[in-house]
Amino acid sequence: MKGIILAAGKGTRLHPISQPISKILLPVYNKPMIYYPLSTLMLAGVRDIMIITNQNDQENFKRTLKDGSRFGIRISYAIQKMQKGIADAFIIAEDFIAGDNVVLILGDNIYHGEDMKELLKQAARNEKGATVFVYEVGDPERFGVAELDGNGNVLSLEEKPSAPRSNHAVTGLYFYDGSVCGFAKDLKPSPRGELEITDLNELYLKNGALKACIMDSGYVWMDAGTFDSLYDAHNTIRNIEKREEKMVACPEETAMEQGFIDPSVMKESIKDEKSEYYDYVRKKADNLLGL
């Protein structure tokens, strides 16, 4: 399975702080925002990842993550030259996907939960069709909303409905089979000139091939795309880490636990790094090595 992180937005809701640098590289507590979606894909077992950026920000992403080898993965990069919508990612990345199944995550979406790994693996096991991740919210009229049956099948999708049929918001994490690039090419631009992810999901729904993974109250989902939500994300991540004494979305730790890279190799690669973050990584490496 391939993975895509869509990080091409201009982040205008976070101007002026996102004018000099992509919002996806802004800090969320003790790490860049990009670490959160990256760790989610790695937790799903994905090792071949494309990051889609805009022209101005790509070099900053490359400086931050390089080719991914220090995490035991492969990272490649592409540019979305114009804001054409989320579904445009599958046209940009068609050669990269090459007919494989693929998972796409939005760069400003943060996920956490004790059983998150199993939930991701469950979605990855669905080799046919598409799976969206949904989260119960108190204000569903602000989101795309999925109406579900008792088996997690999606009955209907609505975009920011005035009278929602459910409280299940569709979040920025989507699993698709190898048909997705063809479906994306068949989409027509919406009135705002974009290829909408809801329209793409509707195509799978019409084929009876759209399922949902439901994240209950034991999970955390945050969209850190506004000043308030970014502030809340800082505080939420800090509180979780202090309570659990474990980092949220540390790709070095995920890489070692997933067997992507040997802990001794990881220790060598960060030997010159001096910060609390890397002290934590060294401690985790020592624990895995039995030291």
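Residues numbered from 1 in each chain as written. Predicted model: local features only at pLDDT ≥ 70, side-chain atom pairs only at ≥ 80, totals over all residues. Heavy atoms only, no water.

## Quick word on the nonpolar core
In this structure, I34, L38, I51, L65, F133, L173 and M215 are the most contacted members of the largest nonpolar core, which totals 65 residues. Once residues lying within four places of it in the same chain are set aside, the contact partners of M215 are Y111, M116, L119, F133, V134, Y135, E136, T171 and W221. Listed in part, the 37 residues of the second largest apolar core include A78, A93, L148 and Y176. (Core = buried A, V, L, I, M, F, W, Y, C linked by side-chain atoms within 4.5 Å. Buried < 20%, exposed > 50% of the residue type's maximum accessible area, 1.4 Å probe, protein only. Contact = heavy atoms within 4.5 Å.)

## Comments concerning the packing of aromatic side chains
Think of a pair of aromatic rings as described by two things: how far the centres are apart, and how the planes are tilted against each other in angle. With the rule as written, the count across this model stands at ten aromatic pairs. Taking 6.3 Å as the distance between ring centres and 20° as the angle between the ring planes, the aromatic pair formed by Y174 and Y176 counts as stacked. Here F183 and Y204 contribute two aromatic rings whose centre-to-centre distance is 4.9 Å and whose plane-to-plane angle is 85°, an arrangement assigned as edge-to-face. In this pair, F183 sits in helix α6 (residues 180-186) while Y204 sits in helix α7 (residues 197-206), placing the two residues 21 residues apart along the sequence. Taken individually, F183 and Y204 each receive the classification buried, so the pair is uniform in this respect. One aromatic cluster is present, built from ring pairs that chain together F90, Y174, Y176, F183 and Y204. Sitting over the face of the ring of F96, K2 holds its NZ or CZ atom 5.0 Å from the ring centroid. (Phe/Tyr/Trp six-rings, centres within 6.5 Å; stacked < 30°, edge-to-face > 60°. Helix = DSSP H or I, 4+ residues; strand = E, 2+ residues; numbered from the N terminus. Lys NZ or Arg CZ within 6 Å of the ring centre and 35° of its normal.)

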